[in-house]
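Here's the letter readout for the chains.
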Amino acid sequence: MDYLIATHNMKKREELQRILAPLGIRVLLAEEAGVELTDVEETGQTFEENAFLKAESGCRESGMPCLADDSGLCVDALDGAPGVYSARYAGEHGNDEKNIQVLLKALEKVPEGKRTARFVSVACCVYPNGEKIAVRGECEGKIGFDQKGTGGFGYDPVFIPEGMGGRTMAELTAEEKDSISHRGKAVKALANAIESRED
Ligand code: ITT
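These notes cover the structure that comes with them. (Residues numbered from 1 in each chain as written. Predicted model: local features only at pLDDT ≥ 70, side-chain atom pairs only at ≥ 80, totals over all residues. Heavy atoms only, no water.)

## Remarks on the sheet that holds strand β4 (residues 116-126)
Thought 1: Strands sit in the order β2-β1-β3-β4-β5-β6 across an open sheet of six strands; the sheet is mixed. Single-partner strands in this sheet number two, and they are β2 (26-28) and β6 (159-161). The mean inter-strand angle of the sheet, taken between neighbouring strand axes irrespective of direction, is 40°.
Thought 2: With three bridges joining them, strand β5 (residues 132-143) and β6 adopt antiparallel strand pairing. Looking at the pairing, Lys142 lines up with Ile160 of β6. (Pairing = 2+ DSSP bridges. Helix = DSSP H or I, 4+ residues; strand = E, 2+ residues; numbered from the N terminus. Axes fitted to C-alpha atoms, helices over the stretch in contact; angles between N-to-C directions.)

## Quick notes on the site of the ligand
Thought 1: Around the ligand, the surrounding shell holds 21 residues, and the nearest of these are Thr7, Lys12, Lys54, His93 and Asp156.
Thought 2: Here an oxygen atom of the ligand sits 2.8 Å away from a polar atom, N or O, in the main chain of His8.
Thought 3: Within the side chain of Arg183, one N or O atom sits 2.8 Å away from a nitrogen atom of the ligand.
Thought 4: Out of a free accessible area of 610 Å², the ligand has 96% covered by protein chains.
Thought 5: When residues of the shell around the ligand are traced back to their parent elements, those giving at least two are β3 (66-75) and α6 (182-198).
Thought 6: The element contributing the most residues to the shell around the ligand is β3, with four residues.
Thought 7: Classifying every residue of the shell around the ligand by side-chain character gives four nonpolar, nine polar and eight charged. (Near = heavy atom within 4 Å. Polar contact = N/O pair within 3.5 Å; in protein donor to acceptor, adjacent residues only side chain to side chain. Areas by Shrake-Rupley, 256 points an atom, 1.4 Å probe, with all protein chains shown as cover. Nonpolar A, V, L, I, M, F, W, Y, C, P; charged D, E, K, R; others polar.)

## With respect to the packing of aromatic side chains
Thought 1: Enumeration according to the criterion identifies two aromatic pairs in this entry.
Thought 2: Arranged with centres 6.1 Å apart and planes meeting at 80°, the rings of Tyr3 and Tyr127 form a pair that is edge-to-face. Here Tyr3 is found in strand β1 (residues 2-5), whereas its partner Tyr127 is found in the loop between β4 and β5, with 124 residues between them in sequence. Side by side, Tyr3 and Tyr127 carry an identical accessibility label, which is buried.
Thought 3: When the ring of Phe119 is compared with that of Phe159, the centres are 4.4 Å apart and the planes differ by 45°; the resulting orientation is tilted. Here Phe159 lies in strand β6 and Phe119 lies in strand β4, a separation of 40 residues in the sequence. (Phe/Tyr/Trp six-rings, centres within 6.5 Å; stacked < 30°, edge-to-face > 60°. Buried < 20%, exposed > 50% of the residue type's maximum accessible area, 1.4 Å probe, protein only.)

## Overview of the side chain of Thr168
Thought 1: One can find Thr168 in the loop between β6 and α5 (174-180).
Thought 2: Here Thr168 falls in the buried class, since its relative accessible area comes to 2%.
Thought 3: Reaching out from Thr168, the side chain makes a polar contact with the backbone oxygen of Lys148 at a distance of 2.6 Å.
Thought 4: Apart from residues lying up to four places away in sequence, Thr168 is in contact with Lys148, Gly149, Asp156, Pro157, Phe159, Ile160 and Pro161. (Contact = heavy atoms within 4.5 Å.)

## Examining the pattern of salt bridges
Thought 1: What the rule picks out here adds up to 22 salt bridges.
Thought 2: The residue Asp69 makes a salt bridge to Lys12 at a minimum N-O spacing of 2.9 Å. Within this pair, whereas Asp69 is found in strand β3, its partner Lys12 is found in helix α1 (residues 10-20), the two being separated by 57 residues in sequence.
Thought 3: A residue is classified by how much of its surface remains accessible, and Asp69, at 2% relative accessible area, is buried.
Thought 4: In this structure, Asp156 and Lys177 form a salt bridge, with 2.7 Å as the shortest nitrogen-oxygen distance. Taken together, the residues Asp156 in the loop between β5 and β6 and Lys177 in helix α5 connect sequence positions 21 residues apart.
Thought 5: Salt bridges sharing common partners tie together Lys12, Glu15, Asp69, Asp156, Lys177 and Arg183. (Salt bridge = Lys/Arg side-chain N within 4 Å of Asp/Glu carboxyl O.)

Written out as structure tokens, the structure reads:
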């Protein structure tokens with residue numbers, strides 16, 4: 001079945017497609033599905049609320065089942081920030097380099113043992129008949145002192161996931177990232193939920 005994906009983030013779309021394609025689920029961007037979607041303001045206080053805002057709007061406007069992911073980085077020493085504001089932490093939506101600079105500055109005086117953090121992804125699906133599914137995936141790790149690696153996107157060059165030999169997320173292969181990432185976990189759970197619904 002074809003699903004619409006309500007995102008403007010091409011890297012995110014690439015990851016979702018990479019994980020869902022082997023499971024027989026094809027995701028289409030609005031332009032690929034021939035529909036025009038209104039930009040959704042992410043006014044929610046939680047990842048769940050924002051994921052549903054995006055998917056509900058996409059489903060309503062297209063008449064297709066619509067997927068969305070809302071995700072971010074939660075840093076313990078910053079009381080969970082940047083959290084739902086991860087994409088716009090430096091003030092300008094989606095400027096990864098500036099966001100990383102602001103994060104490293106905020107953690108300048110925080111020692112290695114206190115730099116724990118997690119990536120969170122809530123992946124959801126909304127159907128034209130009103131059915132809704134949402135699942136959450138998390139990936140534990142810590143924030144490094146400088147950027148390493150060129151893979152992935154967002155905060156990947158400064159996020160060191162647990163159990164990967166001290167490499168940053170940006171130093172992992174795409175397969176390695178998908179196998180441990182917040183999005184990998186959430187999207188696989190979403191695919192299972194979609195499959196059991198279709199049975
Ligand atoms: P859409 O809302 O259009 O899907 P977005 O990038 O604005 O795209 P979010 O509002 O969910 O998406 O914000 C996600 C931000 O969290 C993203 O811009 C990154 O800064 C960060 N992030 C999420 N997943 C990440 C990942 O796998 N690696 C690195 N950073 C990630």
